[in-house]
Amino acid sequence: MKTLIACYSYTGNTMVVAERIKKNINADLTVIQPIKDRWYMIKAIHAYLEKKWPIKDCITDLTEYDCLLLCCPVWAGRVPPGVNQFLSQLENVKGKKLAILVTMGGDGKQGATEQIKIALDVQGMEFVEKLIITGKDQKSGEWAAKAEEFSQYFME
Ligand SMILES: Cc1cc2nc3c(=O)[nH]c(=O)nc-3n(C[C@H](O)[C@H](O)[C@H](O)COP(=O)(O)O)c2cc1C
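Residues numbered from 1 in each chain as written. Predicted model: local features only at pLDDT ≥ 70, side-chain atom pairs only at ≥ 80, totals over all residues. Heavy atoms only, no water.

Enquirer: Sorry, what's going on with the pattern of salt bridges here?
Expert: Between side chains of opposite charge, a pair can form when the charged atoms approach closely. Considering all chains together, one arrives at seven salt bridges under this definition. Residue Arg20 is joined to Glu148 by a salt bridge in which the shortest nitrogen-to-oxygen separation is 3.6 Å. With Arg20 in helix H1 (residues 13–25) and Glu148 in helix H6 (residues 143–154), this residue pair connects regions lying 128 residues apart in the sequence. When its relative accessible area of 28% is taken as the criterion, Arg20 is described as partly exposed. Put simply, Lys117 and Glu114 hold a salt bridge, and the shortest N to O gap is 3.9 Å. In this pair, Lys117 and Glu114 both sit in helix H4 (residues 112–121), three residues apart, roughly one turn of the helix. For Glu114, a relative accessible area of 39% puts it in the partly exposed group. (Salt bridge = Lys/Arg side-chain N within 4 Å of Asp/Glu carboxyl O. Helix = DSSP H or I, 4+ residues; strand = E, 2+ residues; numbered from the N terminus. Buried < 20%, exposed > 50% of the residue type's maximum accessible area, 1.4 Å probe, protein only.)

So this is what it looks like as structure tokens:
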């Protein structure tokens, strides 16, 4: 299964997990990067309001891929604005598989994965797997075993 990993990571936590999965499954990686950084409160408010921030060029055309693994942190329980922009720029997604990885500081309660799922379901993507890495998983190192297990799906 040819997979594109698209990753947004502000402080690096999500990227560490995405890189581990990339190594396991030999996927392509494209980095989602907002053009402008904003203050913490603006980040949280804009995520909560489901705003979009302009992003730098990255791969948004899925023609060559069977599956998209979208990776991002949870902000205010939701999707970061740069990722909302990425979702709106995606092309040729119909019939492709969608997997989601989110990292967060809290215990796993979040609306971001559902938000992504709904946004891409209406465009004809098929949701297949998700991995939520909590703050506890990050501190204990448990994230690595979870990433290994999650990687298995993409190796079929
Ligand atoms: C603006 C902002 C809002 C956040 N909101 C939440 C939240 O609602 N729930 C949560 O568990 N963690 C929240 N976090 C923590 C991040 O989700 C967590 O640290 C994540 O692993 C960061 O990933 P990154 O290093 O890839 O950016 C927030 C972090 C930031 C910067």
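Enquirer: Teacher, can you tell me more about the nonpolar core here?
Expert: It is characteristic of soluble globular proteins that their nonpolar side chains tend to be buried jointly. In this structure, Leu62, Leu68, Leu70, Phe86, Leu90, Ile116 and Leu120 are the most contacted members of the largest nonpolar core, which totals 29 residues. Broken down by secondary-structure element, the contributors of at least two residues to this core are strand S1 (3–7), strand S3 (67–73), helix H3 (81–89), strand S4 (97–103) and H4. For Leu120, the residues in contact, after removing those within four places along its chain, are Leu68, Leu87, Leu90, Leu98 and Met125. The next biggest cluster of nonpolar side chains, apart from the first, holds 21 residues, and it includes Leu69, Leu101, Ala147 and Phe154. (Core = buried A, V, L, I, M, F, W, Y, C linked by side-chain atoms within 4.5 Å. Contact = heavy atoms within 4.5 Å.)

The analysis is restricted to geometry; functional conclusions fall outside its scope.
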